[in-house]
Amino acid sequence: ETGVTQSPTHLIKTRGQQVTLRCSSQSGHNTVSWYQQALGQGPQFIFQYYREEENGRGNFPPRFSGLQFPNYSSELNVNALELDDSALYLCASSPRGPPYGYTFGSGTRLTVV
Amino acid sequence: DQQVKQNSPSLSVQEGRISILNCDYTNSMFDYFLWYKKYPAEGPTFLISISSIKDKNEDGRFTVFLNKSAKHLSLHIVPSQPGDSAVYFCAADNAGNMLTFGGGTRLMVKP
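Every value quoted in this text rests on a predicted model; they were computed, and no experiment measured them.

J.: How do you make sense of the overall build of chain B when you look at a structure like this?
T.: Each helix and strand in chain B was counted, giving zero helices and 11 strands. The secondary structure elements of chain B, listed N-terminal to C-terminal, are β-β-β-β-β-β-β-β-β-β-β. Expressed as a percentage of its 111 residues, the buried residues of chain B come to 46%. A fraction of 53% describes how many contacts in chain B between residues 6 or more apart in sequence connect residues 24 or more apart.

Written as structure tokens, this is what we have:
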């Protein structure tokens, strides 16, 4: 059973640029969620995808967008990068329904300069 | 508005003793609570969870207690081991749509 894999592991971008982060969900998991973890804080929910549709969104602006593909993998896109977007971006996959066994990837460390 | 809070940023415990990590929440709509452990450069790893209809769940050395009237949950680790040293996050779920995390508690278990 493969876990959640994220790519790339590290990324440096310039303010104003756009970035795409990728996530492959765990086998059997059809729901993917994205979280942003700033230094010294807990992860913050960005959005969730189920059946290729956005299924909940946290307090993030529209320049944060995503996709889920038929194989349940997902992308997180961030446009017009700002310095405050520097964070660890975590992807979590889960099956539908309780006990909500979210499995997290190791994350992508994004640095905006 | 921080709906899930972990008021102790760090905790130091001697090997073999009990570690107690605490978490408070404000949203009574949360129906599931989870604890995650996180090592540097890794994603959070699921430890144990509890449904809001229960008050205790045990898995080996880990026990989670839920006090709904106080909106408080705690994670007990007995006995604590040096390998337990990590950052622990409590998280609350509302119908499987999203996890709301606390800020984390760094546990250090001294040999």
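J.: For this particular structure, what's the right way to read the sheet that holds strand β8 (residues 74-78) of chain A?
T.: Remark on secondary structure: sheet strands pair via backbone hydrogen bonds, oriented parallel or antiparallel. Residue and element names in this part refer to chain A. Taken together, four strands build an open sheet; the order of strands is β1-β3-β8-β7 and the sheet is antiparallel. Unpaired on one side and paired on the other, β1 (5-7) and β7 (64-68) mark the two borders of the sheet. Each neighbouring strand pair of the sheet contributes to a mean axis angle of 20 degrees, computed without reference to strand direction. When β7 meets β8, the two strands line up antiparallel, connected through five bridges. By the bridge assignment for β8, Leu-67 is matched with Glu-75.

J.: Is there a simple way to think about the nonpolar core in this case?
T.: In globular proteins that are soluble, nonpolar side chains generally tend to be buried together. Residue and element names in this part refer to chain B. Grouped together as the largest cluster of nonpolar side chains are 23 residues, with contacts concentrated most on Phe-33, Trp-35, Leu-73, Leu-75 and Tyr-88. Counting residues per element, the ones that place at least two in this core are β3 (19-25), β4 (32-38), β5 (45-51), β7 (62-67), β8 (72-77), β9 (86-93) and β11 (105-110). Tallying contributions element by element places β9 first for this core, with four residues. Each residue touching Tyr-88, except ones within four places of it in the same chain, is listed here: Gln-6, Leu-21, Trp-35, Tyr-36, Lys-37, Leu-47, Leu-75, Ile-77, Gly-104, Thr-105 and Leu-107.

J.: I tried to follow the side chain of Gln-68 of chain A on my own but got confused; where do I start?
T.: All names here are of chain A. As for its position among the elements, Gln-68 is in strand β7. Within the structure, Gln-68 has its side chain in polar contact with the backbone nitrogen of Tyr-50 (distance 3.5 Å). Reaching out from Gln-68, the side chain makes a polar contact with the backbone nitrogen of Glu-52 at a distance of 2.9 Å.

Conventions and cut-offs
Residues numbered from 1 in each chain as written. Chains lettered and ligands numbered in written order. Predicted model: local features only at pLDDT ≥ 70, side-chain atom pairs only at ≥ 80, totals over all residues. Heavy atoms only, no water. Helix = DSSP H or I, 4+ residues; strand = E, 2+ residues; numbered from the N terminus. Buried < 20%, exposed > 50% of the residue type's maximum accessible area, 1.4 Å probe, protein only. Contact = heavy atoms within 4.5 Å. Pairing = 2+ DSSP bridges. Axes fitted to C-alpha atoms, helices over the stretch in contact; angles between N-to-C directions. Core = buried A, V, L, I, M, F, W, Y, C linked by side-chain atoms within 4.5 Å. Polar contact = N/O pair within 3.5 Å; in protein donor to acceptor, adjacent residues only side chain to side chain.

Structural measurements only, silent on function.
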